[in-house]
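Secondary and tertiary structure notes
Chain by chain, the residues:
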Amino acid sequence: MTNTEKIFSFIDTYAQSSNALYLEAVIDACNEWLTGSSAPDLSTPATQEEMRRGIQLAILKGMKENAQPNHQMTPDSIGMLLGHIASKLVRDDEETTLLDPTVGTGNLLYTVMNMMNVNVSAYAVEIDEVLVRLSAVVAEILEQRVTFLVQDALRPLFIDPVDMVISDLPVGYYPDDENGLNYELMPPEGHAYAHHLFIEQSLNHTKDGGYALFIIPSNLFESEQASQLHAFLKNKAIVRAVIQLPSALFKNEVHEKSILILQKPSEKIVAKPEVLLAKVPDMKNKNAMARFLQDVDKWAKKES
C-alpha cells in the first residue's frame with residue numbers, strides 16, 4: 001500500500017468503528033493523529049501531498065454519504081493546474097499571502113499551498129462549522145499556516161489585503177438582497193449572482209498588482225447579468241487569462257468550467273498586458289499537457 005492508501009485506511013477504519021457521522025469521525029481521527037494517540041502505520045515519512053490525498057479520499061467518502069451539492073470538492077486535476085499557475089505568478093524570495101473565500105474542506109487551498117515553493121500563509125472563509133473544523137485539522141496536519149473566518153464571506157472581512165485570491169466559485173443566486181446592496185454587482189432588479197459578488201469581494205481584498213484566480217462556469221460572460229460584470233471588470237480589474245478546462249472533466253456541457261485570472265490594477269502596470277486565451281488539452285495526453293504548461297510558464301514569466 002502507498003502512504004496515501006495507508007492514511008485513507010487509517011481514517012476510514014477509525015470512522016467505521018465510530019458512532020459519529022463519517023465526516024465528524026474523520027475530524028476525530030485526524031485529531032488522534034495529531035496528538036499521537038494513534039496514527040497511520042507508515043514505513044516511510046509521508047509528504048504533504050500524500051497526507052492531503054489520503055485525507056481527501058476519506059472526506060470524499062464522507063461527502064458521498066451526506067450529499068451536499070454546494071460542497072462538491074474541486075477535482076485534483078483542476079486544483080493542481082491552478083496550483084501550477086499560482087506558483088508561477090509569485091516570486092520565490094517573497095512571503096505570499098492567499099485568500100480562499102469559499103474554502104469548504106480546504107482541498108483546493110491546500111493543493112495550491114503545497115505546490116508553492118514560497119513562504120505562504122492564507123486566510124480561509126467558510127460558514128459551515130463542520131467544514132471549518134475539518135479544514136482546520138487538515139491544515140494542522142499539513143503544517144500550513146491558515147487563519148479561518150467562520151462567516152458568510154460576502155459580509156465584511158476584517159483581514160489585510162492579500163497577494164492572491166483563489167476560489168472555486170459557488171454558482172447561483174445570493175439570497176441576502178440587503179447585504180447584496182453593498183456591492184456594485186447587485187443588479188437593479190432581482191437577486192445578484194453569488195459568483196459575481198465573490199469576484200467583487202475578492203478584488204476588494206487583493207493588493208494592488210495582486211492576482212485573483214477563479215474556477216468559473218464557462219458561460220460566466222453569457223448570462224443575463226454579464227453586461228454588468230463586463231463593465232465592472234473593465235473598471236476594477238485587468239483580465240489576464242481565460243483558460244477553458246477539458247469537457248471530459250464534466251458530466252455535461254452545463255457544468256463545464258474555465259479558469260479566470262484577474263490582476264488588480266496598479267500604478268506599476270503601465271502597458272496593457274497580454275491576455276492568455278487557451279484551452280487545456282486532454283489531461284491524459286502527457287505530451288500535449290507538457291506543451292500547454294510550457295506555454296503557460298512563458299506567459300507567466302512575462303507577466304509576473
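Residues numbered from 1 in each chain as written. Predicted model: local features only at pLDDT ≥ 70, side-chain atom pairs only at ≥ 80, totals over all residues. Heavy atoms only, no water.

The protein chain appears in an unreviewed UniProt entry as DNA methylase from Sporosarcina ureilytica.

Description of the pairing of strand β3 (residues 145-150)
Judged from the six bridges that link them, strand β2 (residues 120-126) and β3 form a sheet pairing that is parallel. Within β3, the position partnered with A122 by the bridge is V146. Crossover β2 to β3 through helix α6 (residues 129-142) is right-handed. (Pairing = 2+ DSSP bridges. Helix = DSSP H or I, 4+ residues; strand = E, 2+ residues; numbered from the N terminus. Right-handed = clockwise from strand over helix to strand, strands pointing away.)

Considerations on the UniProt feature "domain: DNA methylase adenine-specific" (unreviewed entry) in the protein chain
Under the present numbering, the feature "domain: DNA methylase adenine-specific" (unreviewed entry) in UniProt falls on residues 73-286. Structurally, residues 73-286 is divided into 29% helix and 28% strand, and its ends, taken at the C-alpha atoms, are 24 Å apart. (UniProt positions renumbered as here; feature names shortened; annotations may be inferred.)

Here we look at the sheet that holds strand β8 (residues 238-244)
In space, the eight strands of this open sheet follow the order β3-β2-β1-β4-β7-β9-β8-β10, with mixed pairing throughout. Each edge of the open sheet carries a strand with a single partner, namely β3 and β10 (276-279). On average, each strand axis in the sheet is inclined to that of its neighbour by 15°, with strand direction left out of account. As paired elements, strand β1 (residues 96-100) and strand β4 (residues 162-168) share two bridges and run parallel to each other. Opposite L99, over in β4, you have V165 as the bridge partner. Its contacts with the sheet put α6 on β2 and β3, and the angle it makes with β3 is roughly 170°. (Axes fitted to C-alpha atoms, helices over the stretch in contact; angles between N-to-C directions. Contact = heavy atoms within 4.5 Å.)

What about the domain arrangement of the protein chain?
Assigned domains within the protein chain: domain 1 (3-64) and domain 2 (69-303). Between the C-alpha centres of domain 1 and domain 2 there is a distance of 28 Å. Between domain 1 and domain 2, the contact holds 18 residues from the first and 18 residues from the second. Here domain 1 meets domain 2 over a buried area of about 1800 Å², counting both sides, of which 69% is carbon and sulfur. Among the residues domain 1 hides against domain 2, the three largest losses belong to I27, Q48 and R52. Together they make up 32% of the total. Linking domain 1 to domain 2 there are three salt bridges. Between E24 and R133 there is a salt bridge, with the nearest N and O atoms lying 2.9 Å from each other. Counting every contact that joins domain 1 to domain 2 gives seven residue pairs in polar contact (both at pLDDT 80 or more). Residue assignment for the side of domain 1 that touches domain 2 shows that the elements contributing at least two residues are α2 (22-35) and α3 (48-65). Per element, the largest residue contribution to the side of domain 1 that touches domain 2 is 10 residues, and it comes from α3. (Domains from an automatic or database assignment. Buried area = accessible area lost by both parts, 1.4 Å probe. Salt bridge = Lys/Arg side-chain N within 4 Å of Asp/Glu carboxyl O. Polar contact = N/O pair within 3.5 Å; in protein donor to acceptor, adjacent residues only side chain to side chain.)

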